[in-house]
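An overview of the molecular structure
Listed here are the chains, written in short residue letters.
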Amino acid sequence: MNRAFMYIVIGATLWGTIGFYVKKLYEYEFTPMEVVTIRVMIAAVVLLIYLISTSPKSLKLQQFSDIKYFLGTGIISFSFFNYCMFKTIELSTIPISAALLYTAPAFVIVISYFLFQEKITAIKLIALCSTFIGVIFVVGLIPLHLQSISFITIIIGLGSGLGYALYSIFSKYALKKYSSLVITTYTFVVAAIALMPFFPYREKLRLLLNFDVLPYILGLGLLPTTIAYIVYTYGLQRTEASKAAIIATIEPVVATFIGIFLFVEPFTIFQLLGMVFIIGAVILVQLQSDAFMKKSNKKRV
């Protein structure tokens, strides 16, 4: 098996386990925003230690004004989409949250059209339609006799997709100067600095030191966050980004299995069909991106 492929699969699989830790922390009365704070704080510390020990020079900002990119990725994107994702898990189920998160590529297509003048091709239009149909199935609007998800849950779930998409948008600017791992590290550091003042330490300190809770806190900060990003980035450096993105669609599949089999969450055949439409749209967009890159390389040769 290709080693890069294996690393990407491991990273995406670890991402898919996020819902498990979130659900467990909810049982101890942590709020979605508190869970986001815990996640970014642990990841920020570990990633800083990792980069300081492996590549300290990479952490130096080329210009102080570049901090604006990481304010975008850390606060406007990461903190926002994590809150929306965790809130959606609280209000509905892990599979539904994972499906709505993966509407992100559709948002990227639309935003990129206005910001970067990227053309909306026939393939992209099909992908947008496929995502829209998928969301309709996932949230229970079809068939009509099913009990659909509340409107606020849908909006928050789509908010996670929008926030996730904004990470790609801000990163597109930052990648001109910094590696993906450096961007990820600064994203967590900025998010941690922004969220730490609002964390209720006095109220939650007892829980943070509880040996029953600690495995879930450390697990969330390390496995589906720090280790997942490091492993995925390592694999990404050794394969095409479009292929990596396709492989990464294993994430919502893992999340769905965890929701169904560990937490016995309801998931209908129609919601499964909706997820297929959404993931299919992601794969379609990435395949087109891959084909475009190959054409560009041939022209250069």
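Now for a quick tour of the structure. (Residues numbered from 1 in each chain as written. Predicted model: local features only at pLDDT ≥ 70, side-chain atom pairs only at ≥ 80, totals over all residues. Heavy atoms only, no water.)

Some points on empty space enclosed by the protein
Take a probe with the size of a water molecule and roll it over the atoms, and the empty space left behind shows itself. Put simply, the rule is: Both cavities and pockets are sets of points on a 1 Å grid over the protein atoms alone; in a cavity a 1.4 Å probe fits but cannot get out, in a pocket the set is open with protein on both sides within 12 Å along at least five of seven lines, and lining residues sit with an atom within 4 Å of a point. Grid points are joined across faces, edges and corners, and a volume is the space filled by probe spheres set on the points. Numbering of helices and strands runs from the N terminus; a helix is a DSSP stretch of H or I covering at least four residues, while a strand is a stretch of E covering at least two. Here the term charged refers only to Asp, Glu, Lys and Arg, the term nonpolar to Ala, Val, Leu, Ile, Met, Phe, Trp, Tyr, Cys and Pro, and the term polar to all other amino acids, Gly among them.
Evaluated as defined, the whole model comprises 1 cavity of 30 Å³ or more. If you go around the largest cavity, you meet 13 residues; those closest to its centre are Gly19, Met85, Ala98, Glu251 and Ala255. Secondary-structure elements contributing two or more residues to the lining of the largest cavity are helix 2 (18-26), helix 4 (67-91), helix 5 (94-101) and helix 13 (250-262). For the lining of the largest cavity, the class distribution of residues is 9 nonpolar, 3 polar and 1 charged.

Comments concerning the packing of helix 4 against helix 9 (residues 180-195)
Under the convention used in this document: Think of each axis as a best-fit line through the C-alpha atoms, taken over the contacting stretch in the case of a helix, with angles from 0 to 180 degrees between the N-to-C directions. The cut-offs work like this: below 35 degrees is roughly parallel, past 145 is roughly antiparallel, 65 to 115 is roughly perpendicular, and the gaps in between are oblique. Should the near helix be turned anticlockwise from the far one by less than a right angle, the crossing is left-handed, and should it be turned clockwise, the crossing is right-handed. We call two residues in contact when some of their heavy atoms are within 4.5 Å.
Two elements in contact, helix 4 and helix 9, have axes whose closest approach is 8 Å; the angle formed by their N-to-C orientations is 70°. The angle between helix 4 and helix 9 places the two elements in the roughly perpendicular class. Regarding helix 4 and helix 9, the two cross each other, and that crossing is right-handed. Contacts from Ile67, Phe70, Leu71, Thr73, Gly74, Ile75, Phe78 and Ser79 in helix 4 reach Ile183, Tyr186, Thr187, Phe188, Val190, Ala191, Ala194 and Leu195 in helix 9. When grouped by side-chain class, the residues that make up the contact of helix 4 with helix 9 number 12 nonpolar, 4 polar and no charged.

Here's the deal with the packing of helix 1 (residues 3-15) against helix 13
One way to put it is that helix 1 packs onto helix 13 with a least axis distance of 7 Å and a crossing angle of 40°. Taken as axis vectors, helix 1 and helix 13 run oblique relative to one another. Helix 1 and helix 13 meet at a crossing whose hand is right-handed. For the pair helix 1 and helix 13, the contacting residues are Val9, Ala12, Thr13 and Trp15 in the first and Ile250, Glu251 and Val254 in the second. For the contact of helix 1 with helix 13, the per-class residue count stands at 5 nonpolar, 1 polar and 1 charged.

Digging into the side chain of Thr249
So the rule is basically this: Exposure classes here rest on a 1.4 Å probe applied to the protein chains alone. A residue is buried below 20% of its type maximum, exposed above 50%, and partly exposed in between.
By secondary structure assignment, the location of Thr249 is in the loop between helix 12 (241-247) and helix 13. Note on Thr249: relative accessible area 8%, which makes it buried. Residues in contact with Thr249, not counting those within four places in the same chain, are Tyr102, Ile279, Val282 and Ile283.

Brief notes about the packing of aromatic side chains
Stated formally: Pairing of aromatic side chains here covers Phe, Tyr and the six-membered ring of Trp, requires ring centres within 6.5 Å, and sorts the geometry by plane angle: under 30 degrees stacked, over 60 edge-to-face, intermediate tilted. Distance and angle both matter: a charge sits over a ring if NZ of Lys or CZ of Arg is within 6 Å of the ring centre and within 35 degrees of the ring normal.
Summed over the entire model, instances satisfying the criterion amount to 20 aromatic pairs. A ring pair is formed by Trp15 and Tyr229, whose centres lie 5.2 Å apart and whose planes are at 70°; its orientation type is edge-to-face. Taken together, the positions of Trp15 in helix 1 and Tyr229 in helix 11 (residues 214-236) put the pair 214 residues apart, joining distant regions of the chain. No difference in accessibility class separates Trp15 from Tyr229, as the two residues are buried. Plain terms: the ring middles of Phe199 and Tyr201 are 5.1 Å apart, the flat faces sit at 55° to each other, and that makes the pair tilted. Given the relative accessible area of 33%, Tyr201 is considered partly exposed. Taken together, the aromatic side chains of Trp15, Phe78, Phe81, Tyr102, Tyr164, Phe188, Tyr229 and Tyr232 make up a single cluster linked through ring pairs. Lying over the aromatic face of Tyr69, Lys68 brings its terminal NZ or CZ to 4.7 Å of the ring centre.

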